[in-house]
Amino acid sequence: MAKTKTWWGKVTGEISKLRNQFQQSLGNFFVTGSASYSLDSTTVDYKLARELYDNTRDDYKLGGGFAATIINVKAGFKGVPSFSSVDEEAQETLNSFVEANRSKIYGTLVNSMRDGDAYVWITSSVVDNGLFPEQKKRIMYNVIPPERVETLLDPVTGDVITYKITTPMKWADSDGEKQCTITQFLTAGQVETQIEGDQPPNVQQGTVDTGLDYIPMVHFKNKGYNMQYGQSELEPIEPFLKAYHDVMLHAMQGSKMHSTPKLTFRLSDVESFLQVNMPDAYEQIKQGQSPSISLDGREIIFLQDDDESEFLEVTSAIGDATTLLKFIFYNIVDASETPEFVFGVHTPSSQASVTEQMPVLIRAIEAKRDHFSDAFDRLARIVLDLTANTE
């Protein structure tokens, strides 16, 4: 009996493996209803996206190497932003902040393009050690893993009105191993902390007033213009990475199987051939046994006048795989909006010169800079406000 698709499969059809299929519950935020339109609240499969980027997923290994190149080249060309202010003191504050957090900012760009989402929580903390004697308070750049964050949006403006951060925690003390789940609700003016499980050190349950009329969190959302969460740069090419892996794997397996030449014989008298060259096998046949035939250690084979011997070799072990791999490669190039020379293709063999392909990359980088400009603008304003409030 043929298997039938489930109702979910009929409704959704084929879904990218890099996109979680089910809507997030958002804890107490989830609201059901019969509205005709709502934002897509699915998220990227962060684990798979990171495995593709690190090329640690076995069933993508031979095609996953393209992923890191696509992300790193775009992040590298985009670079860490520089802020400009007419106020000299504000300019100095922003310059100092960028220099102190340059690696984290670059990592945020990589994470956002890889995972689709990156969250940065800007906080101010009291510095009471000798590492920063010039600072009484320090503005902290805190990177929050996207899988721990859920958002509640204003239904009219689409702005985030609450961030929910869920953090599992494990530690050990004199009483043994302990664990808990810390849930924080960030809203304008306060942070509410709930603890489920053991009481962790240095964390208190309750609500703390921040004195701010905004949430000091920045969501770096890649693409996803009409979605609640972002989209990974790897989503359009994930099927092609898998196809490239499969084709390459099959080609390599075929090459391994056929790369060793096979010795063949055309014999006029098999028994005479075996009696002369393989007497042990000949005796086994005479006794009615299955012969064990091996050419190991036999440097000379004697043939009769009508006998023939030759090696069979495959002209091309991978056959048409080369053409198919090139086709898949150019699909990766097109879908990722990344010129082929970025992947290390020899320029004379490219279909277009570097000069002709470079404008494509430049436009893609400019689009990325424009896309993230609002998030970086918000980041700079938060830094300046917290700096003014902590002086």
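Residues numbered from 1 in each chain as written. Predicted model: local features only at pLDDT ≥ 70, side-chain atom pairs only at ≥ 80, totals over all residues. Heavy atoms only, no water.

(A) The arrangement of the overall build of the protein in detail. Helix and strand content of the protein: 10 helices and 10 strands. Looking at the protein as a whole, 36% of its 391 residues are labelled buried. Restricting the contact set of the protein to residue pairs at least 6 apart, pairs at least 24 apart contribute 60%. In the form shown here, the protein has an accessible surface area of approximately 23,900 Å², with 51% of it arising from carbon and sulfur atoms. (Helix = DSSP H or I, 4+ residues; strand = E, 2+ residues; numbered from the N terminus. Buried < 20%, exposed > 50% of the residue type's maximum accessible area, 1.4 Å probe, protein only. Contact = heavy atoms within 4.5 Å. Areas by Shrake-Rupley, 256 points an atom, 1.4 Å probe, with all protein chains shown as cover.)

(B) View of the packing of aromatic side chains. Enumeration according to the criterion identifies 11 aromatic pairs in this entry. Their ring planes at 65 degrees and their centres at 5.0 Å tell us that Phe220 and Phe376 sit as a pair that is edge-to-face. You can see Phe220 sitting in strand E8 (residues 217-221) and its partner Phe376 sitting in helix H10 (residues 354-390), a full 156 residues away along the chain. Note on accessibility: Phe220 and Phe376 belong to one class, buried. Among the aromatic residues, those joined into a ring-pair cluster are Phe66, Tyr244, Phe329, Tyr330 and Phe343. If you follow Arg114 out to its NZ or CZ, it ends over the ring of Tyr53, 5.5 Å from the centre. Cation over ring: Lys242 sits above Tyr60, and NZ or CZ is 5.6 Å from the ring centre. (Phe/Tyr/Trp six-rings, centres within 6.5 Å; stacked < 30°, edge-to-face > 60°. Lys NZ or Arg CZ within 6 Å of the ring centre and 35° of its normal.)

(C) Expanded view of a negative patch on the surface. There is a patch of like negative charges on the surface, built from Asp87, Glu88, Glu89 and Glu92. Taking relative accessible area as the criterion, Glu92 reaches 56% and is therefore assigned exposed. (Patch = residues over 30% accessible without salt bridge, like charges linked within 9 Å, V, L, I, M, F, W, Y side chains within 5 Å. Salt bridge = Lys/Arg side-chain N within 4 Å of Asp/Glu carboxyl O. Lys, Arg positive; Asp, Glu negative; His and termini not counted. Charge placed at Lys NZ, Arg CZ, Asp CG, Glu CD.)

(D) Inspection of the pattern of salt bridges at higher detail. If you walk through the whole model with that rule in mind, you get 17 salt bridges. One connected set of salt bridges, linked through shared partners, spans Lys47, Glu51, Arg57 and Asp59.

(E) Seen up close, the nonpolar core. One finds Leu18, Leu52, Phe66, Leu234, Leu241, Ile332 and Phe343 to be the most contacted residues of the largest nonpolar core, which totals 29 residues. Looking at this core, the elements that each hand over two or more residues are helix H2 (46-54), helix H3 (65-78), helix H5 (102-115), helix H6 (238-258) and helix H9 (321-336). With residues up to four places along the chain from it excluded, the contact list for Leu52 reads Leu18, Tyr60, Gly64, Ala67, Leu234, Glu238 and Leu241. Counting 23 residues, the second largest nonpolar core, distinct from the first, contains Ile122, Tyr214, Phe376 and Ile382. (Core = buried A, V, L, I, M, F, W, Y, C linked by side-chain atoms within 4.5 Å.)

(F) Up close: helix H4 (residues 88-100). With 13 residues, H4 should cover 18 Å at 1.5 Å per step; its first-to-last C-alpha distance of 18 Å lies within 8% of that length. Looking at H4, one finds that the buried residues are Ala90, Gln91, Leu94, Phe97 and Val98. Looking straight down H4, one finds that the buried residues subtend no more than 130 degrees of arc, so they occupy a single side. Away from its buried face, by an angle of more than 90 degrees, H4 presents the exposed residues Glu88, Glu89, Glu92, Glu99 and Ala100. (Expected span 1.5 Å × (residues − 1). Arc of directions from axis to C-beta.)

(G) The sheet that holds strand E4 (residues 160-173), seen in detail. Here five strands make up an open sheet; going across it, the order is E3-E4-E5-E6-E7 and the pairing antiparallel. In this open sheet, the two edge strands, each paired with only one partner strand, are strand E3 (149-153) and strand E7 (206-209). The average undirected angle you get between the axes of adjacent strands in this sheet is 20 degrees. The pairing of strand E5 (residues 176-187) with strand E6 (residues 190-197) spans eight bridges and is classified as antiparallel. Note that in E6 the partner of Thr181 across the bridge is Glu196. (Pairing = 2+ DSSP bridges. Axes fitted to C-alpha atoms, helices over the stretch in contact; angles between N-to-C directions.)

(H) Molecular detail of the side chain of Asp117. Here Asp117 is to be found in strand E1 (residues 117-126). For the buried Asp117, no salt bridge is present, and the opposite-charge side chain at shortest range is Arg19, 6.5 Å distant. For Asp117, the side chain forms a polar contact with the side chain of His219, separated by 2.8 Å. Only 2.7 Å separates the side chain of Asp117 from the backbone nitrogen of Gly230, close enough to count as a polar contact. (Polar contact = N/O pair within 3.5 Å; in protein donor to acceptor, adjacent residues only side chain to side chain.)

(I) Structural view of unusual backbone geometry. At Asn202, a position not held by glycine, the phi torsion is positive, near 65 degrees. Turning to its location among the elements, Asn202 is positioned in the loop between E6 and E7. Residue Asn202 is classed as exposed on the basis of its relative accessible area, which comes to 81%. Of note in the backbone geometry, Glu337 takes a positive phi value of approximately 55 degrees without being a glycine.

(J) Looking closely at H2. Regarding H2, the residues found buried are Tyr46, Leu48, Ala49, Glu51, Leu52 and Tyr53. Looking one or two residues beyond H2, the residue adopting positive phi is Asn55, at roughly 55 degrees.

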